Amino acid sequence: MYAITIPEPGGPEALVWAEVPDPVPGEGEVLVEVVASAVNRADLLQRQGFYNPPPGASALPGLECSGRIAALGPGVVGWSVGDEVCALLAGGGYAEKAVVPVGQLLPVPDGIDLVTAAGLPEVASTVWANVFMSAGAASGAASGVLGAGLRPGETLLVHGGASGIGTMAIQLAKAVGARVVVTAGSPEKLARCAELGADVLVNYREQDFVEEVRAATGGAGADVVLDVVGAKYLERNVQALAVNGRLVVIGLQGGVKGELNLGALLAKRASVTATSLRGRPSAEKAAIVAAVREHVWPLLASGRVRAVVDRVVPLRDAGEGHRALEAGENVGKVLLAV
């Protein structure tokens, strides 16, 4: 088969279309003939040499895919060859074929085409695990209980509202009856966020999101903050939190080291959690995927939540998709079609 490889770390040109051995499904795995994958920030970091796959995962980039089941490994039940699926991966999505643990496999939601489905598993799993599950753990919402996650009537602050993560977070938060504040860097991106249901729009180039959150909540602050920036926003994120607020850091675009005022955190009885999805044990990922299938897939099938796709580029030209994401050109997902 052919796949995107990374012989040496570097820029988008480091992605090389090459022939590689076909993967073989093991116990509890399926082989998927890939129709499409998608670009995630983790892929950019892996290409640059900063984010190696977890032990045992494919060395190829790609954290999600869609396609058709080509073969079943030993012990797999409930799925058949030919089923149209999408999947959450620890790696290997940028290829013509990918092996998927059966617990990370999802049916394509009703009303969603197979290519578009490639951009759903990573964002849906990330948002549901970190915004709705208890402290981002594989519990709480897996059984339908919100736990410490976002509740109806609460306020969610989403940084990077026009990203793949952001566009999904806006819609899921509105679907459960929460209020949404978003940050983005242009009026055009903020307008797209408003179309998806965002209530308060903050241009981070011109406005202070802490002040805007306080103004929008009568001084109370945000109950949950979903942050992809990291160190640069740490202090102000804590300032923006409400009493009993929860800050969840899922990205480090603004650096890895920040200063945390523990006094401010104590005064608000607030919490700070930093999580990632890729390196979690398979059992945790399976619990998250099961929760996504139960809670998110019906919203997609009904049209209350929709997939937001910025562009589709050929998989062999994955570097073009990486350039678009690095430049911040996208609203929603950048897909890679085989």
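See the structure shown above.
Residues numbered from 1 in each chain as written. Predicted model: local features only at pLDDT ≥ 70, side-chain atom pairs only at ≥ 80, totals over all residues. Heavy atoms only, no water.

Notes on the state of the cysteines
Here is step 1 of the chain: What the rule picks out here adds up to 0 disulfides.
Here is step 2 of the chain: Cysteine Cys86 shares no disulfide, and the gap to the nearest cysteine sulfur, in Cys65, comes to 8.2 Å.
Here is step 3 of the chain: By relative accessible area, which is 0% here, Cys86 ends up buried. (Disulfide = S-S within 2.5 Å. Buried < 20%, exposed > 50% of the residue type's maximum accessible area, 1.4 Å probe, protein only.)

Here's the deal with the pattern of salt bridges
Here is step 1 of the chain: Under the counting rule described, the total for this entry stands at 12 salt bridges.
Here is step 2 of the chain: The partner of Lys174 in a salt bridge is Asp199, and the shortest N-O contact between them spans 2.9 Å. One end of the pair, Lys174, is in helix H4 (residues 164-175); the other, Asp199, is in the loop between helix H5 (187-195) and strand E10 (200-203), with 25 residues separating them in the sequence.
Here is step 3 of the chain: Owing to a relative accessible area of 38%, Asp199 belongs among the partly exposed residues under this scheme. (Salt bridge = Lys/Arg side-chain N within 4 Å of Asp/Glu carboxyl O. Helix = DSSP H or I, 4+ residues; strand = E, 2+ residues; numbered from the N terminus.)

Considering empty space enclosed by the protein
Here is step 1 of the chain: One pass over the structure, following the stated rule, counts 1 cavity of 30 Å³ or more.
Here is step 2 of the chain: Of the pockets and cavities examined, the largest cavity occupies roughly 80 Å³.
Here is step 3 of the chain: If you go around the largest cavity, you meet 13 residues; those closest to its centre are Gly119, Leu120, Ala307, Val308 and Lys333.
Here is step 4 of the chain: Broken down by element, the residue count for the lining of the largest cavity peaks at 4 residues, all from H4.
Here is step 5 of the chain: Partitioning the lining of the largest cavity into residue classes produces 6 nonpolar, 5 polar and 2 charged. (1 Å grid on protein atoms, 1.4 Å probe; cavity = no way out; pocket = protein on both sides within 12 Å on 5 of 7 lines; lining within 4 Å. Points joined across faces, edges and corners; volume = space filled by probe spheres on them. Nonpolar A, V, L, I, M, F, W, Y, C, P; charged D, E, K, R; others polar.)

Comments concerning the packing of aromatic side chains
Here is step 1 of the chain: Going through the model one piece at a time under the given rule, you end up with 3 aromatic pairs.
Here is step 2 of the chain: Ring centres 5.8 Å apart and planes at 20 degrees place the aromatic pair Tyr2 and Trp17 in the stacked group. Highlighted residues: Tyr2 in strand E1 (residues 2-5) and Trp17 in strand E2 (residues 16-19), separated in sequence by 15 residues.
Here is step 3 of the chain: Among the residues examined, Tyr2 registers a relative accessible area of 34% and is labelled partly exposed.
Here is step 4 of the chain: With 4.4 Å between their ring centres and 20 degrees between their planes, Trp128 and Phe132 make a pair best called stacked. Of this pair, Trp128 and Phe132 both sit in helix H3 (residues 121-132), 4 residues apart, which is roughly one turn of the helix.
Here is step 5 of the chain: For Arg278, the ring lying beneath its charged end belongs to Tyr51, and the centroid distance is 4.9 Å. (Phe/Tyr/Trp six-rings, centres within 6.5 Å; stacked < 30°, edge-to-face > 60°. Lys NZ or Arg CZ within 6 Å of the ring centre and 35° of its normal.)

Focus on unusual backbone geometry
Here is step 1 of the chain: Positive phi outside glycine occurs at Asn244, with the angle close to 65 degrees.
Here is step 2 of the chain: For Asn244, a relative accessible area of 42% translates into the label partly exposed.
Here is step 3 of the chain: In this structure, Arg269 is a non-glycine residue whose phi angle is positive, near 50 degrees.
Here is step 4 of the chain: Considering the arrangement of structural elements, one finds Arg269 in the loop between helix H8 (262-268) and strand E13 (271-274).

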